[in-house]
Amino acid sequence: MSDLTRQVLSHLDPASIEAIANRLGIDPAQAEVAIQQAIPVVVGGLARNAQTEAGADALHRAAEDHAGGDIGAILGSVLGGGGDGGAILGHIFGNRQGQAAQNIGQASGIGSANAGALLSMLAPIVMAALGNMTRRQGGGSGSLGDMLGRELQTIGQGQHGGLLGSILDQDGDGQLGLSDLLKVGAQMLGGARGRA
């Protein structure tokens, strides 16, 4: 499990998971499984976007905008229908947002609509955690890109690598590789950092 994933999950106590489940109209145990699958996918999408200099710069600015946010307050806001989760997901996944919801919905059994709603709830929480982590660690967009590159490698080697790969695998070879990262958002990636 990556550091950022672990940090986000640490803020989601049983009461928070139950509140998310109630919002989605599903069982808390099912919600917990879906959350554990969705967060690494969001983190992996962020990491993928940070593998170019321009992407890392844009994400660093976004992370700074979200830094200092109280995770509990953000969760309360998204459960109340607020937050900018949809916009964040659009930046993370682009035209693959529907694919992300579909794959997580199938893997967790909660369905595409619930998975899409869950991703929208989790995205602001992940961004706040990333912003807070970035502020604590200091450094610029380059260090953020390096940190998220390590996160992507950890996720790719873990149990969620296949789910992330199925969302971002665009050449149909079953792996999240350089050609996929180049196709998603026409971004360029150097070296082996993008291989999961």
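Residues numbered from 1 in each chain as written. Predicted model: local features only at pLDDT ≥ 70, side-chain atom pairs only at ≥ 80, totals over all residues. Heavy atoms only, no water.

Peer 1: Help me understand the packing of helix H3 (residues 28-49) against helix H8 (residues 112-137), please; the structure alone is not making it clear to me.
Peer 2: The description of two packed helices rests on the angle between their axes and on the distance between the axes. Viewed as axis vectors pointing N to C, H3 and H8 meet at an angle of 55 degrees, and their least axial separation amounts to 10 Å. Considering their axes alone, H3 and H8 lie oblique with respect to each other. Taken as a pair, H3 and H8 cross one another with a handedness that is right-handed. Seen from H3, the contacting residues are Ala34, Ile35, Ala38, Ile39, Val42, Val43 and Leu46; seen from H8, they are Leu118, Leu119, Leu122, Val126, Met127 and Leu130. Across the contact of H3 with H8, the residue classes break down as 13 nonpolar, no polar and no charged. (Axes fitted to C-alpha atoms, helices over the stretch in contact; angles between N-to-C directions. Helix = DSSP H or I, 4+ residues; strand = E, 2+ residues; numbered from the N terminus. Parallel < 35°, antiparallel > 145°, perpendicular 65-115°, else oblique. Left-handed = near helix turned anticlockwise from the far one by under 90°. Contact = heavy atoms within 4.5 Å. Nonpolar A, V, L, I, M, F, W, Y, C, P; charged D, E, K, R; others polar.)

Peer 1: So what exactly am I meant to see when it comes to helix H2 (residues 14-24) here?
Peer 2: The α-helix winds at 3.6 residues per turn, so residues separated by three or four positions along the chain end up facing the same way. Buried residues of H2: Ser16, Ile17, Ile20, Ala21 and Leu24, and no others. The arc that holds every buried residue of H2, seen down its axis, measures 140 degrees, which confines them to one face. Set apart from the buried face of H2 by more than 90 degrees, the exposed residues are Pro14, Ala15 and Asn22. Following H2 by one or two positions, Gly25 adopts a phi angle in the positive range, close to 75 degrees. (Buried < 20%, exposed > 50% of the residue type's maximum accessible area, 1.4 Å probe, protein only. Arc of directions from axis to C-beta.)

Peer 1: What is the right way to read the nonpolar core from this model?
Peer 2: Across soluble globular proteins, you tend to see nonpolar side chains buried next to one another. Ranked by internal contacts, the top residues of the largest apolar core, which has 52 residues, are Leu4, Leu12, Leu118, Leu130 and Leu148. Per-element accounting of this core gives the leading share, 13 residues, to H8. (Core = buried A, V, L, I, M, F, W, Y, C linked by side-chain atoms within 4.5 Å.)

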